[in-house]
Amino acid sequence: MIELINIQKSYPTQTLYQDLNLRLNKGDKVGLVGRNGTGKSTLFKLILEEEQPDSGEIAKPKNYKIGALKQYFDFKEKTLLEETATALSEDDKYNIYKAEKILFGLGFSEEDFQKEPKSFSGGYQIRINLAKLLLTEPNMLLLDEPTNYLDILSIRWLREFLKSFDGEVILITHDRDFMNSVCTHTMGIIRKDAFIIAGGTQKFFEQLSANEEHYEKQKIAQEKKIKDLEEFIAKNKARAATATLAQSKVKILEKMDILEDIEYERDLKFDFNYKDTSAKFLLEVKDVSFGYDKNSILFKDITFALSRGETLGIIGKNGKGKSTLLNVLAGELKALSGSVDFHPSTVFGHFGQTNINHLNMNNTIMDEIHSVNVKLPESVIRNICGIMMFSGDNAKKKISLLSGGEKSRVMLGKIIAQDVNLLFLDEPTNHLDIESIEALTNAIKEFEGSSIIVTHSEELLRAVCDRLIVFTNDGADYFNGTYDEFLEKIGWGDDIDETKPSKTSNKDEKKDKPKINKKESKKLRAELVAKKSQDLKPLKAELEILEEKAKTLMGLDKTKVENEILEIMQKIESINIEFEQKMSEF
C-alpha cells in the first residue's frame, strides 16, 4: 500500500499538481491516463524519490520496494547470466541460482545464459530488464510505456505476466486495450489533481464526462444564486427595514466558494488532405525481395496491389523487416529484385521513425511544416500548427526542444500540409497519448485514399486494416483478410508464445498436458471465434435498442437506461478480454 497526500509540484513554466491525493491498496493495478505534459512521468519520479514534491507527503510501509522497468537497454556484461546477476544485492551476490531461477521462469534456457544480452530480440531484452527488476523483489512496479517498440507477441506475453504479478502496478501506456486488460483501476491527472475509479478507460472517461456535466450544472445554478443575491443586496441595502437582511446576504456571498470555469484540455482533431485520383490501384508490387546482402534476405517475392481506399497492415516480430519493407515501398531503399509501381497520379506522405530522426533540430515547428509545401501562406501553416496542438508562440518552438510525442505531431502536421492519396505510416501511435491515437485512428478511417501501416497495436489493426502482410519466422506473406480473420484462419501458430518451458515447472504436469497440433489449434480457434460471435450478438442487439431508447428519455429514466448501457458494455469488454486470453493459449 502506498499513499500520496496533498502533493504539490511546480516548475517555473507550469504547475503540475495542486493537493494531489492518491491511495493504492494491496493488489491494485492502476492505468494512468492524461494528456502528454500533465505530469504522469513526473509522478513516477516522485514515487521513486528521483524528484521531491514542493509540499505534501508520500507514505509507504517499511521495507516496501518500488521498481521501475527500464525502456532503454544498457547492457555492459558479456553474458546474459552475468548481466542479470548485476541486480543481486550485496548479500546475495554469490547466490547466482536466484538469477538462474528467474531467467528460467521468464522463458530463457540454460543455453541462453552464455549468450550476449544484446543478441536477443527487443522483446527478450525487455525480459532481461524485467529479470533484473524482479531480483530486487519489488512490491510495486512502475511501468512507463513498456510496450513501446515491442512486437505483438512480446506485448501479449507482458500482458499475461502483469495480470499474474502479485503486487501493485502503476502503468502508463498509449495502448488502451493493453491497459484495460491488465488494470483493475484507471486514474487520470485531471486539472492538477488525481481522479481514480475502479474499472477500465471507457468507464473512466464516461464518469469524467458525467462529473464535468454535473459540475457545469452546479456552476450555472451557483451563478444564478449569486445574481439573485447581488440583486437583493442592491435593492435592500439602503432601506433601514431590510438592511440587516441584506447584510446577511452579503456574508453568504462572501463565504461562498466560487466554482471556477473548467479548463478543458484541447483534443487533437484533424483530417489528411486527399488528392483526387481516378486510379483503381494506387500501388502495384510484384515479386519484391530485399536483403542487405544476398546471404541475409529479409523478405522475398512480396506481391500485392493496393486499391484506392484500402488499408494494408504490416505485422510481425521485431527485426524481421517490417519497417524495411515500408522503406522499400517508399523508395528509400532499393529492392534486390521485383518491381514497385505507382499510378502516375499517386502522391504519398511518409511517417516513419527514420523520418522523425531527419527533422531539422534547428528549425521551428513552422519552418518544418513550411518545408514540405513552400506555397502555403503563414496563416495556413499557423492553422496546421494549431490543429497539431502548437498554438500561438508554441508554433515557434525549435524541434530540438520537443518531446517524442511532439515530434510525432510535427510529422503528422507535415503530412497534412500536403495533398496526398497514399499514406505510409510506420508505428504512428508511438509517443502519442490515448486521445491523440483516437484522433489519428479516425483520420485514417475517414481518409479517402489508401494507407500502408506498420503497427503492433492490435486495436489499430482491428479499426482500420482491410488486408495484411504478416512477418513470421518463415518470412513474409500477403493475407487477404482482416486481423481477426487472420487470427481465426491462421493465427500466430508456434510464434504465439515465445516462452520456453520453465525448468522449475512440474514435470508430471508437462507430461500429462496433451500437445495440440496446428490443425487442431486452428479448429479450436475457429470455435472460440464462433462462440465469441454468438455471445456478443444478443448483447449488441440489446445495446442498440437501449441506445435508441436513451435518445428519447430525460432525467432519471435516461440515467437508468444509461446505467444499463454501461453494464452491457462492461459485459462486452469482459467477453473480449476472455476471448483474447483463450486465443493466446493456442
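Not measured: the values here are computed from a predicted model.

Enquirer: Before we move on, could you go through the overall build of the chain and cite the residues and values that matter?
Expert: Regarding its fold elements, the chain presents 19 helices and 20 strands. For the chain, the C-alpha radius of gyration of 28 Å lies close to 25 Å, the compact-globule estimate for 586 residues. Reported as C-alpha extents along the three principal axes, the dimensions of the chain are approximately 100 × 70 × 55 Å. When burial is assessed residue by residue, the chain has 45% of its 586 residues classed as buried. For the chain, restricting intrachain contacts to residue pairs at least 6 apart in sequence, the fraction spanning at least 24 positions comes to 70%.

Enquirer: Describe the packing of helix 4 (residues 122-134) against helix 5 (residues 152-164), naming the residues involved and giving the relevant values.
Expert: Taken N-terminus to C-terminus, the directions of helix 4 and helix 5 make an angle of 25°; their axes are 10 Å apart at the nearest point. The angle between the axes of helix 4 and helix 5 places the two elements in the roughly parallel class. The handedness of the crossing between helix 4 and helix 5 is right-handed. Where helix 4 approaches helix 5, its residues G123, R127, L130 and L134 are matched on the opposing element by S154, W157 and F161. Residues of the contact of helix 4 with helix 5, tallied by class, amount to 4 nonpolar, 2 polar and 1 charged.

Enquirer: With reference to specific residues and values, describe the side chain of N236.
Expert: Positionally, N236 belongs in helix 7 (residues 201-236). Separated by 2.8 Å, the side chain of N236 and the backbone oxygen of F232 make a polar contact. With near-sequence residues (within four places) excluded, N236 lies in contact with T242, A243 and A246.

Enquirer: Explain the sheet that holds strand 3 (residues 29-33) residue by residue, including any values.
Expert: One open sheet accounts for 6 strands, arranged 5-6-7-3-8-9; its pairing is mixed. Both outer strands of the open sheet, strand 5 (66-68) and strand 9 (193-198), are each paired with one neighbouring strand and no more. Each strand axis lies, on average, 20° off the axis of its neighbour in the sheet, ignoring direction. When strand 6 (residues 140-144) meets strand 7 (residues 168-172), the two strands line up parallel, connected through 5 bridges. When the bridges of strand 7 are listed, L143 appears paired with L171.

Enquirer: Explain the pattern of salt bridges to me, using residue names and the numbers behind them.
Expert: On inspection of all chains with the given rule, the structure shows 19 salt bridges. Here E49 ties to K60 by a salt bridge, and the two come within 3.4 Å at their closest N and O atoms. Remark: K60 occurs in the loop between strand 4 (55-59) and strand 5 and E49 occurs in the loop between helix 1 (40-47) and strand 4; sequence separation between them is 11 residues. Owing to a relative accessible area of 52%, E49 belongs among the exposed residues under this scheme. Under the relative-accessibility criterion, K60 is labelled partly exposed at 33%.

Enquirer: Could you give me a rundown of the environment of G349, with the residues and numbers involved?
Expert: Take G349: it is sitting in strand 15 (residues 348-351). In this structure the C-alpha to C-alpha distance between G349 and I415, which are 66 residues apart in sequence, comes to 5.5 Å. Not counting chain neighbours up to four residues away, the residues in contact with G349 comprise I415, V420, L422, L423 and F424.

Enquirer: Break down the nonpolar core for me, with residues and values.
Expert: Counting 47 residues, the largest nonpolar core has F270, F272, I315, L468, Y483, F486 and W492 as its most contacted members. Formed by 44 residues, the second largest nonpolar core is a distinct cluster that contains I126, L135, F161 and I197.

Enquirer: So what about the packing of helix 7 against helix 8 (residues 243-255)? Which residues, and what values?
Expert: Interhelical geometry of helix 7 versus helix 8 gives an angle of 150° and a closest axis separation of 9 Å. Taken together, the axes of helix 7 and helix 8 are roughly antiparallel relative to one another. Relative to helix 8, helix 7 is oriented so that their crossing is left-handed. Mapping the contact onto sequence places I226, L229, E230, F232, I233 and N236 in helix 7 and A243, L245, A246, K249, V250, I252 and L253 in helix 8. A breakdown of the residues in the contact of helix 7 with helix 8 according to their chemical character gives 10 nonpolar, 1 polar and 2 charged.

Enquirer: So what's going on with helix 9 (residues 322-329)? Which residues, and what values?
Expert: With respect to burial, helix 9 is a largely interior element, 7 of its 8 residues being buried. When helix 9 is considered as a whole, its buried residues turn out to be K322, T324, L325, L326, N327, V328 and L329. G331, located one to two residues past helix 9, shows a positive phi value of around 85°.

Enquirer: So what's going on with the pairing of strand 13 (residues 311-316)? Which residues, and what values?
Expert: A large share of strand 13 lies buried, amounting to 6 of its 6 residues. For strand 13 and strand 18 (residues 450-454), the ladder comprises 4 bridges, and the chain directions are parallel. Each residue of the ladder has a partner; that of G313, found in strand 18, is I453. In terms of strand pairing, strand 13 meets strand 19 (residues 467-472) through 5 bridges, oriented parallel. Within strand 19, the position partnered with G313 by the bridge is L468.

Enquirer: I'd like to hear about the pairing of strand 2 (residues 14-24), residue by residue, with values.
Expert: One ladder, built from 7 bridges, connects strand 1 (residues 2-11) with strand 2; its direction is antiparallel. Residue pairing for strand 2: Y11 is matched across the bridge by Q14.

Enquirer: Tell me about unusual backbone geometry, and name the residues and values.
Expert: With a phi close to 50°, D287 is a non-glycine residue in the positive phi region. Along the chain, D287 falls in strand 11 (residues 281-291). Here E427, not a glycine, exhibits a phi torsion of approximately 45°, which is positive. Structurally, E427 is set in the loop between strand 17 (422-426) and helix 14 (434-446).

Enquirer: I'd like a rundown of the sheet that holds strand 13, residues and numbers included.
Expert: With mixed pairing, 6 strands are arranged side by side in an open sheet as 15-17-18-13-19-20. Both outer strands of the open sheet, strand 15 and strand 20 (475-479), are each paired with one neighbouring strand and no more. Neighbour-to-neighbour, the strand axes of the sheet open up by a mean angle of 10°, direction not taken into account. Relative to strand 20, strand 19 runs antiparallel, the two being bridged by 5 bridges.

Enquirer: Describe helix 13 (residues 404-416), naming the residues involved and giving the relevant values.
Expert: Between its first and last C-alpha atoms helix 13 spans 19 Å; for 13 residues at 1.5 Å apiece the expected length is 18 Å, and the two agree. In terms of residue burial, helix 13 counts as a mostly covered element, since 12 of its 13 residues are buried. Regarding helix 13, the residues found buried are G405, E406, K407, S408, R409, V410, M411, L412, G413, K414, I415 and I416.

Enquirer: How would you explain the confidence of the model for the chain if you had to name every residue and give the values?
Expert: Mean pLDDT over the chain: 84, with 90% of residues reaching 70 or higher. Mean pLDDT in the chain bottoms out at helix 17 (residues 507-512), which sits at 40, and peaks at strand 18, which reaches 96. Note on residues 494-515: pLDDT is under 50 here. Beyond four places in sequence and across chains, it has 34 contacts.

Reading the values: rules and limits
- Residues numbered from 1 in each chain as written.
- Predicted model: local features only at pLDDT ≥ 70, side-chain atom pairs only at ≥ 80, totals over all residues.
- Heavy atoms only, no water.
- Helix = DSSP H or I, 4+ residues; strand = E, 2+ residues; numbered from the N terminus.
- Rg over C-alpha atoms; globule rule 2.2 N^0.38 Å.
- Buried < 20%, exposed > 50% of the residue type's maximum accessible area, 1.4 Å probe, protein only.
- Contact = heavy atoms within 4.5 Å.
- Axes fitted to C-alpha atoms, helices over the stretch in contact; angles between N-to-C directions.
- Parallel < 35°, antiparallel > 145°, perpendicular 65-115°, else oblique.
- Left-handed = near helix turned anticlockwise from the far one by under 90°.
- Nonpolar A, V, L, I, M, F, W, Y, C, P; charged D, E, K, R; others polar.
- Polar contact = N/O pair within 3.5 Å; in protein donor to acceptor, adjacent residues only side chain to side chain.
- Pairing = 2+ DSSP bridges.
- Salt bridge = Lys/Arg side-chain N within 4 Å of Asp/Glu carboxyl O.
- Core = buried A, V, L, I, M, F, W, Y, C linked by side-chain atoms within 4.5 Å.
- Expected span 1.5 Å × (residues − 1).
- pLDDT = per-residue confidence, 0-100.

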